[in-house]
Amino acid sequence: MTHIEDELNSQPECWTRAAQAAPRHGAALPAAGERAAIVGCGTSYFMAQAAAALREGAGQGETDAFAASEFPYGRAYDRIVALTRSGTTTEVLDLLERLHGRTRTTAVTADADTPVRTAADEVVALDFADERSVVQTRFATTALTLLRAHLGLHTDAVVADARAALSAPLPEGLVDCTQFTFLGRGWTVGLANEAGLKMREAALSWTEAYPAMEYRHGPISITTSTTATWMFGEAPEGLAEQVRRTGGRWIEGTLDPLAELVRAQRLAVAVAARRGLDPDRPRHLTRSVILAP
């Protein structure tokens, strides 16, 4: 078994631990009414998108998400939450250092014994969700679970759906598709973006991701009999039928969207295996992007 398989299979347990830990980390996370921004790079940026949409949608306060390298320093926030598995990513550390003494910052990381410990005002360590694989799975979803639980949006049903996502077989023939499109709405747009990234990283697949309503505005033109379109959450009315009429394959998201992401992670590993690739060591990638001064 690869590291990524072991790590993605452990997600139900990691989510349970993160939800249990959320109350004791409450003071380090944005309070109701605060204006907040959530930042990250790569996978962490897509989790930031999901978390920001969840928080604002829950009426907890205006919440933005940014790639750390694109943070708008001219805007005022009450708190910045940085998601960083390694605690060493250059863009995140640069952002935290620039904000030091100006805006309260919290880092959510898998390794607190790293430079992020002194760069952020507060650190939430999810060390039980750390990973050996370059490709992120459980840390990302565990960090999002922590934030969902902080908002009161996590339930035991989410964990049950994750177990179902791990035990049920993938749709027959899905690994043979030549192109994959992931769609989301609201907070699940970030999950769709992350599913696409997993397929590119682990399986070198041609993948795209869009807000679901945007799919009709051009991207649907790529759909053929060898493509799959996977919806995270409830689909816009009529879209499934429209995709099927093109001859493409429609994958309905029937589980909690975060559990659907687990299914997409499994697909990435399965496609990698079919193509003879090592999903733990994707080409041109490292566990953390550390830029030379």
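Below you will find a few notes about this structure. In this text, all values refer to a predicted model and were calculated from it rather than measured experimentally.

## A closer look at the pairing of strand β3 (residues 79-84)
Right, on to step 1. Within β3, six of the six residues are buried, which leaves it mostly tucked inside the rest of the structure.
Right, on to step 2. Here β3 shows a buried face lined by Arg79, Val81 and Leu83 and a second buried face lined by Ile80, Ala82 and Thr84.
Right, on to step 3. As paired elements, strand β1 (residues 36-40) and β3 share four bridges and run parallel to each other. Opposite Ala37, over in β3, you have Ile80 as the bridge partner.
Right, on to step 4. Note that the unit made of β3, helix α4 (residues 90-99) and strand β4 (residues 104-109) has a crossover that is right-handed.

## Details of the environment of Ser44
Right, on to step 1. Counting through the fold element by element, Ser44 comes out in helix α3 (residues 43-57).
Right, on to step 2. The class for Ser44 is buried, based on a relative accessible area of 4%.
Right, on to step 3. Ser44 sits 23 residues away from Ala67 along the chain, and the two C-alpha atoms are 8.6 Å apart.
Right, on to step 4. Setting aside residues no more than four positions away along its own chain, Ser44 makes contact with Leu83, Thr84, Arg85 and Gln136.

## Here we look at the pattern of salt bridges
Right, on to step 1. Summed over all chains, the structure comprises 14 salt bridges.
Right, on to step 2. Between Arg85 and Glu131 there is a salt bridge, with its nearest N and O atoms 2.6 Å apart. Residue Arg85 is found in the loop between β3 and α4, and its partner Glu131 is found in the loop between β5 (122-125) and α6 (138-150); the two are separated by 46 residues along the sequence.
Right, on to step 3. Given the relative accessible area of 5%, Glu131 is considered buried.
Right, on to step 4. Two residues, Lys198 and Glu201, come together in a salt bridge whose shortest N-O distance is 3.2 Å. Here Lys198 pairs with Glu201, and both are found in helix α8 (residues 188-203), just three residues apart, close to one helical turn.
Right, on to step 5. Take Lys198: its relative accessible area is 2%, and that puts it in the buried class.

Cut-offs used in this document
Residues numbered from 1 in each chain as written. Predicted model: local features only at pLDDT ≥ 70, side-chain atom pairs only at ≥ 80, totals over all residues. Heavy atoms only, no water. Buried < 20%, exposed > 50% of the residue type's maximum accessible area, 1.4 Å probe, protein only. Helix = DSSP H or I, 4+ residues; strand = E, 2+ residues; numbered from the N terminus. Pairing = 2+ DSSP bridges. Right-handed = clockwise from strand over helix to strand, strands pointing away. Contact = heavy atoms within 4.5 Å. Salt bridge = Lys/Arg side-chain N within 4 Å of Asp/Glu carboxyl O.

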